[in-house]
Amino acid sequence: MNDPEEKKMKNLPKYRQIVHFIKEKIGNGEWPIGSKIPSQRTLAKDFQVNRSTVITALEELMADGLIEGRMGKGTVVINNTWTLLAKNSAPNWDQYVTSGIQRPSQKIVQEINQSESNTDLIQLSKGELSAEIFPLDVMKKMMGQVSQNMEAFGYEEPKGYFPLRGALSSYLRTIGINASPSSILIVSGALQALQLISMGLLQRGSTVYLDQPSYLYSLHVFQSADMKLTGLPMDQDGLLPENIHMPRGERGRSILYTNPCFHNPTGILMSKKRREEILAASENTQLPIIEDDIYRELWIDEIPPFPIKTIDKNGHVLYIGSLSKTLSPGLRIGWIVGPEPVIERLSDIKMQTDYGSSSLSQRVAAEWFTTGQYQLHVEKVRQQLKLRRELALSALGTHLKDVATWNIPKGGFFIWIKVLPSISMKLLYAKALSKGILLNLGSIYAQEKGNYVRLSYAYASLEDLQKGIYELGLMIKELASK
Ligand SMILES: Cc1ncc(COP(=O)(O)O)c(C=O)c1O
């Protein structure tokens, strides 16, 4: 602690530190008028004090006229040190914040997003590879090679760094997709591909048909643009084709989204036959398909059937891939493959959005592919995932066999657990959090309620995975006995 100001602060009584902290936040505009300040519980935790100390600090700030408790809203900022003196009030950011076009995520999703960076928690929720699997040495080597060969770099071509698109074109051939670099667009993760499709290809009132449940329900990418999500049932072979239809008036407006390999959140792998049926249904109804295939390489038992895109000869399918689940989401590199006019439209929107994904990330990604290191790496990831899946299944068999059922995923990250007793899932979530375990409830991924938990065996350490599942069993039994 070199900063004398910081030193001085540390010597103050705790309640004064809280007053100072909040005044700073208000005074420099980080917490504008109308914004909600953190709860007493959060402040107590952050400052490692008990609630009464926080209350003393808040009372002082209330007496100063800076904050006020409001029914149903918590404690909000009502003045700042400037407005107390000034004649004109500051803009009402609260109003702006609640009226933007993009809808906020569900509250629980926001909470989970925050908690996912808390390293003290056992993360049974996180759809990301564990740091234990991160190929740090090879990543350093790849970055070293990129830096050795570095030349001046700036904005890339609209569709992305050409050598990366070339490398992807070769890689895609290995999974049966013939795509030249001109029909590939580099995006900042698969999520951006979905955002671009929503902005560039669909219109207000469009319907997005999708697997039910689905990862898409945890976001508001399409709904924010006034589009409707219509969930279609699945069985153990994936999305059921008989429900695919194109209602009158929707032609040219609607689209089908599916995640056929190791589906998020159920882990289901779509069979080869089902892929053919889905494509046939899409051709019959003229409903284009978004094939989100970002878990494809994470097979554990056997290579999955070729992508739907492989058998698509008429350009019905937009195919999405990403490095987020196999290598690192930190690179923010994904790709979308489709008919050239579509790729051109999406690349124009991407240019208007961010003028291209990071040049550095694109170079690093290209290095992984062109050196063959990507394939070597995913082989190792599969072995690790196999080990983790076995461990998770064995722990589930020991600790949850009487209170839950689950599928055995053939790859990917997730086990979809159905909790049998009719307990409150919200209570289960809160109880788990209080015990230091972060869960993803199934309700995030579906419209209707159901007692499901999406368990990820990819992220937590093996020890934590075992402990977390043991605790989960105890908690379910305890709630069921009440
Ligand atoms: C099915 C699915 N699609 C897309 C994404 C977003 O991935 P990315 O990090 O590549 O944007 C995720 C991430 O969880 C996902 O599960």
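First, a word on what this report is: a plain description of the structure on this page.

Calculation notes
- Residues numbered from 1 in each chain as written.
- Predicted model: local features only at pLDDT ≥ 70, side-chain atom pairs only at ≥ 80, totals over all residues.
- Heavy atoms only, no water.
- 1 Å grid on protein atoms, 1.4 Å probe; cavity = no way out; pocket = protein on both sides within 12 Å on 5 of 7 lines; lining within 4 Å.
- Points joined across faces, edges and corners; volume = space filled by probe spheres on them.
- Helix = DSSP H or I, 4+ residues; strand = E, 2+ residues; numbered from the N terminus.
- Nonpolar A, V, L, I, M, F, W, Y, C, P; charged D, E, K, R; others polar.
- Buried < 20%, exposed > 50% of the residue type's maximum accessible area, 1.4 Å probe, protein only.
- Pairing = 2+ DSSP bridges.
- Near = heavy atom within 4 Å.
- Polar contact = N/O pair within 3.5 Å; in protein donor to acceptor, adjacent residues only side chain to side chain.
- Areas by Shrake-Rupley, 256 points an atom, 1.4 Å probe, with all protein chains shown as cover.
- Sits in = over half its atoms within 2 Å of the grid points.

Quick look at the layout of surface pockets
In this structure, the largest pocket encloses a volume near 1600 Å³. Considering the residues around the largest pocket, the lining is formed by 35 residues, among which T42, K107, Q110, E111 and Q114 are closest to the centre. Only α3 (40-47), α5 (93-97), α6 (107-115) and α15 (425-434) provide two or more residues apiece to the lining of the largest pocket. It is α6 that contributes the most residues to the lining of the largest pocket, five residues altogether. Grouping the amino acids of the lining of the largest pocket by side-chain chemistry returns 11 nonpolar, 14 polar and 10 charged. The volume enclosed by the second largest pocket comes to roughly 730 Å³. Lining the second largest pocket we find 30 residues, and of these N113, E116, G127, Y215 and K325 sit closest to its centre. Counting only elements with at least two residues in the lining of the second largest pocket, the list comes to α6 and α9 (190-200). Broken down by class, the residue content of the lining of the second largest pocket amounts to 13 nonpolar, 10 polar and seven charged.

Brief notes about the pairing of strand β11 (residues 317-322)
When you tally the buried positions in β11, you get six out of six residues, the bulk of the element. In terms of strand pairing, strand β10 (residues 289-292) meets β11 through four bridges, oriented parallel. Within β11, the residue paired with I289 across the bridge is V317. Note: β11 against strand β12 (residues 334-337), four bridges, orientation antiparallel. Of the residues in β12, the one forming a bridge with Y319 is V337.

Overview of unusual backbone geometry
In this model, Q212 is joined to P213 through a cis peptide bond whose omega is 5 degrees. Tracing the chain through its elements places P213 in the loop between β5 (207-211) and β6 (228-232). Between N264 and P265 the backbone carries a cis peptide bond, its omega angle lying at 20 degrees. The topology assignment puts P265 in the loop between β9 (255-258) and α10 (272-285). Residue Q286 is not a glycine yet carries a positive backbone phi of 60 degrees. On the secondary structure map, Q286 appears in the loop between α10 and β10. A positive phi angle, close to 50 degrees, is found at R332, a residue other than glycine. In this structure, R332 sits in the loop between β11 and β12.

Considering the site of the ligand
Not every one of the 14 residues close to the ligand is listed here, only the nearest: A190, D292, Y295, S322 and S324. A distance of 2.7 Å separates an oxygen atom of the ligand from a polar atom in the side chain of S324. When the ligand sits alone it has 400 Å² of accessible area, and the protein chains cover 92% of it. Here the ligand occupies the second largest pocket. Within the shell around the ligand, the residues separate by chemical class into six nonpolar, five polar and three charged.

Function-wise, these values are silent; they only describe arrangement.
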